[in-house]
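Observations on the three-dimensional arrangement
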Amino acid sequence: MESIIRLQQGFSQVFGDADGLTVVRAPGRVNLIGEHTDYNDGFVFPMAINFDIVMGGRRRSDQQVRIYSLDYQRTVEFSLSEPITYDDQEQWSNYLRGVLWAVQRAGIDLGGMEIAFFGTIPQGSGLSSSAALEVATAVLVQRLCGWTLPPRELALLCQKAENDFVGMKCGIMDQFISVLGQKDHALFIDCRTLDYERIPLELGEYRILVCHSGVKHSLVDSAYNRRRQECETGVRILATEYPTVKALRDADLTMLAACRDRMEPVVYKRCHHVIAENARVIKSIKALKAGDLVAFGQFLNQSHASLRDDYEVSCPEVDLLVELAGQLDGVLGARITGGGFGGCTVNLIHAGAVEAFNERVVRVYQEKTGIEAQVYISTAANGAEILN
Ligand code: ADP
Ligand code: MG
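Because the structure is predicted, anything quoted here is derived from the model rather than measured. (Residues numbered from 1 in each chain as written. Chains lettered and ligands numbered in written order. Predicted model: local features only at pLDDT ≥ 70, side-chain atom pairs only at ≥ 80, totals over all residues. Heavy atoms only, no water.)

On to the sheet that holds strand β10 (residues 342–350). Strands sit in the order β9-β10-β8-β11 across an open sheet of four strands; the sheet is antiparallel. Each having just a single partner strand, β9 (331–337) and β11 (374–378) make up the two edges of the open sheet. When strand polarity is set aside, the average angle formed by the axes of neighbouring strands in this sheet is 20°. One ladder, built from eight bridges, connects strand β8 (residues 206–216) with β10; its direction is antiparallel. (Pairing = 2+ DSSP bridges. Helix = DSSP H or I, 4+ residues; strand = E, 2+ residues; numbered from the N terminus. Axes fitted to C-alpha atoms, helices over the stretch in contact; angles between N-to-C directions.)

Moving on, we come to the site of ligand 1. In the region of ligand 1, 17 residues are neighbours, and D71, G124, G126, S129 and S130 sit closest. Q123 is positioned such that a nitrogen or oxygen atom in its side chain is 3.5 Å from a nitrogen atom of ligand 1. G124 places a main-chain nitrogen or oxygen 2.8 Å from an oxygen atom of ligand 1. Computed on the free molecule, ligand 1 has an accessible area of 570 Å², of which 82% lies beneath the protein chains in the complex. Residue assignment for the shell around ligand 1 shows that the elements contributing at least two residues are β5 (113–119) and α3 (129–145). The biggest single contributor to the shell around ligand 1 is α3, with three residues. Of the residues in the shell around ligand 1, the class split is eight nonpolar, eight polar and one charged. (Near = heavy atom within 4 Å. Polar contact = N/O pair within 3.5 Å; in protein donor to acceptor, adjacent residues only side chain to side chain. Areas by Shrake-Rupley, 256 points an atom, 1.4 Å probe, with all protein chains shown as cover. Nonpolar A, V, L, I, M, F, W, Y, C, P; charged D, E, K, R; others polar.)

In this section: the environment of A131. Here A131 shows up in helix α3. Residue class for A131 comes out buried when judged on its relative accessible area of 1%. Sequence separation of A131 and V179 is 48 residues, and the distance between their C-alpha atoms is 9.5 Å. Setting aside its immediate chain neighbours within four residues, A131 contacts E162, D174, Q175 and S178. (Buried < 20%, exposed > 50% of the residue type's maximum accessible area, 1.4 Å probe, protein only. Contact = heavy atoms within 4.5 Å.)

Counting buried residues in strand β2 (residues 43–59) gives 15 out of 17 residues, a clear majority hidden from the surface. In this sheet, β2 lies alongside strand β1 (residues 22–33) in antiparallel orientation, the contact comprising ten bridges. Considered in β2, the bridge of R29 is made with A48. Relative to strand β6 (residues 185–190), β2 runs antiparallel, the two sharing two bridges. Looking across to β6, one finds that F43 is bridged to D190. By the bridge criterion, seven bridges tie β2 to β5 in an arrangement that is antiparallel. If you follow M55 over to β5, its bridge partner there is F117.

Counting residues in hydrophobic clusters, the biggest one holds 83 residues, and the most contacted among them are L32, F45 and M55. A per-element tally of this core places α3 first, with ten residues. Counting only domains with at least three residues in this core, you end up with domain 1 (2–200 + 382–386) and domain 2 (206–377). Excluding its chain neighbours within four sequence positions, the residues that come into contact with M55 are L7, T22, V23, V24, L96, I115, A116, F117, L133, A136, T137 and L140. Membership of the second largest hydrophobic core comes to 49 residues, among which are Y311, V322, A356 and V361. (Core = buried A, V, L, I, M, F, W, Y, C linked by side-chain atoms within 4.5 Å. Domains from an automatic or database assignment.)

In structure tokens:
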């Protein structure tokens, strides 16, 4: 396989040879529907994509860890005989350090190792290259050091690395799908119970097209925290009327309507998005199981409108991409995916319309914004696996 060869070449440049190398991959993901529902104990529906982190490594007889990033052409080195600390200089290394740190905290013994990796997932665009990097590290180190965790536990360990070592308070979705994805399937996840179901993605002539807007607005972190607080406020108000409501997951639109006059309009809108979005995930899965791609596409469109108007996490550039896509024959649905304020759209598009997408969405977008959007046709890929 091409990626193994590339990895071996990079590895041996830095570490002398590539003897005894174990090579793994872990994918990024696109969330098809269920946005900003994860931290509300709700439902999400991502698929792993055919863009991934490829990582190889082998044990050393001492306590040294050496890591080489092929993409950045940078190396870090540290000793396991001292506590693993955050690296301000080589930020990329913290995702790997964080996983090793979380493994140690789980009481598992590590030994020294040499690791090299590269990735094909666009970084910082909401396709979760960070989770893929963590999951690849966990799967590799698991194999090298001879322990195993069940998939769910492995995902939680990687989430812990990102939450508590890197310092990004993400939900569980990204690590979960990177571990548990399956070719030609999307993954329904209940973020409260962590129960999951693999749903066949039988798209026939249709494709999942991911379009990167090329923008990332700086609002993301503060706006994300504010949204979380607004949801919590909504839950408090709902719970006074309906004590069984512990999270927005437990409420429906009738309950919300009954509490509307006690809520600030903005809190009402946020709650409305989350409650309706959870319902859309369930309806989307029903539609897919019934082979009704038209209905699935409509839920994607509704999700976008809700994220734009009620949750207010879109931005003019992404709205433009979605609007242009909506005007194209052969596009059944389009919406923003990921945390918001930029990043990517996900489109359900007929294979025969992909060329027209480049012509009438990407080109017009460039004319209007000056930005060149990137298009990725994504198939549903396997979760993390050992390649050799
Ligand atoms: P996202 O997860 O949406 O892609 P993040 O900001 O959470 O965005 O993670 C991106 C970071 O992950 C990068 O800034 C880098 O530190 C690290 N990373 C991802 N892919 C690679 C790679 N191929 N090589 C080195 N570091 C990477
Ligand atoms: Mg990330």
